[in-house]
Amino acid sequence: MASRKSRPERRQEPLSRERIVAAAVELLDTVGEGGLTFRALAERLATGPGAIYWHVTGKNELLAAAIDAVIAPTLAGDDTGTTPQEAIRSLALGVFDAIDAHPWVGTTLAQLPRTPGKSPMLRVFERIGRQVQALHVPEAAQFTAASALLSYILGVAGQNAANTRAAQANADPANTDQANTDRAAFLDAVATAWRELDPDQYRFTRDVAGQLREHDDRAEFVAGIDLILAGITAGRADGRTRP
């Protein structure tokens, strides 16, 4: 008798948009944005690509939904009883940690087409904007203040995730000690290279090389948020309507 070909295990739960998005996040975490295809996703879900298209229209919609799923927990907190500055710091750190845990978010955001009213980060922008209003920033400066904060958060978090991924490219993802060692070695190499730069052309860079070697990414990120908030508060205090 001819042997039967093995078939993928049938899924036990009905297919839903939520299950599809969760599987997409797992796939993105494993193989990155380049490895997310409907064929690979269908294999993971033990279904056909056509069944997935019933719930999402294409890859861009799926990527946006995956980003939204990763960022959503950062928006779940309650800002009651906190100052606007504290609320912004907490939100910023939540996004920073989410992108650090899912490095593909930063690069994927830059690649997604700009669709009016459908940005995965629109809810983050809204949350920041409400805190900017709570700081009594003049109306004419509110958009600039919220945009500056969002751009800093996404830019720094994305770059940090890219640096981490580059430093860990040859490391065992399950080996935290090795990952930390690789990061320290990378920073030490860069700091050493900075110290060897021409002192006339790169005096400042040489001076801060030691700080690069010893800095904490998360602490530096929060310090940057505080600098922006200090500027926003100063602009409000002296009555400026423009940053």
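Keep in mind that this is a model prediction, so the values were computed, not measured.

1. Remarks on the packing of helix α5 (residues 84-101) against helix α7 (residues 122-134)
For the pair α5 and α7, interaxial distance at closest approach is 9 Å and the crossing angle is 160°. In terms of orientation, α5 lies roughly antiparallel with respect to α7. For the element pair α5 and α7, the recorded crossing hand is left-handed. Within the contact between the two elements, α5 uses Pro84, Ala87, Ile88, Leu91 and Val95 and α7 uses Val124, Arg127, Ile128, Gln131 and Ala134. Taken together, the residues of the contact of α5 with α7 sort by class into eight nonpolar, one polar and one charged.

2. Quick notes on the pattern of salt bridges
Applying the stated criterion to the full structure yields seven salt bridges. Here glutamate 61 and arginine 17 are joined by a salt bridge, their closest N and O atoms 2.8 Å apart. One end of the pair, glutamate 61, is in helix α4 (residues 59-71); the other, arginine 17, is in helix α1 (residues 17-31), and 44 residues separate them in sequence. The residue aspartate 226 makes a salt bridge to arginine 89 at a minimum N-O spacing of 2.5 Å.

Cut-offs applied
- Numbering of residues starts from 1 in every chain and runs along the sequence as written.
- Only residues with pLDDT of 70 or above have their local features reported here, since the model is predicted, and side-chain atom pairs are shown and tallied only from 80 upward, although totals for entire chains, interfaces and linings are computed over all residues.
- Hydrogen atoms and water are omitted, and side-chain values are computed over all heavy atoms in the structure.
- Comment: axis = line fitted to C-alpha atoms, over the contacting stretch for helices; angle = value between 0 and 180 degrees taken between N-to-C directions.
- For the purposes of this entry, the term helix denotes a DSSP run of H or I that reaches at least four residues, the term strand denotes a run of E that reaches at least two, and both are numbered from the N terminus.
- Convention used here: angles under 35 degrees read as roughly parallel, angles over 145 as roughly antiparallel, angles from 65 to 115 as roughly perpendicular, and any remaining angle as oblique.
- It is the rotation of the near helix from the far one that decides the hand of a crossing: anticlockwise by less than a right angle makes it left-handed, clockwise makes it right-handed.
- In this description, contact between two residues means that some pair of their heavy atoms is separated by no more than 4.5 Å.
- Asp, Glu, Lys and Arg are counted as charged, while Ala, Val, Leu, Ile, Met, Phe, Trp, Tyr, Cys and Pro are counted as nonpolar; the rest, among them Gly, fall into the polar class.
- Salt-bridge detection follows one rule: a side-chain nitrogen of Lys or Arg within 4 Å of a carboxyl oxygen of Asp or Glu.

By themselves, these are just geometric observations and shouldn't be taken as functional.
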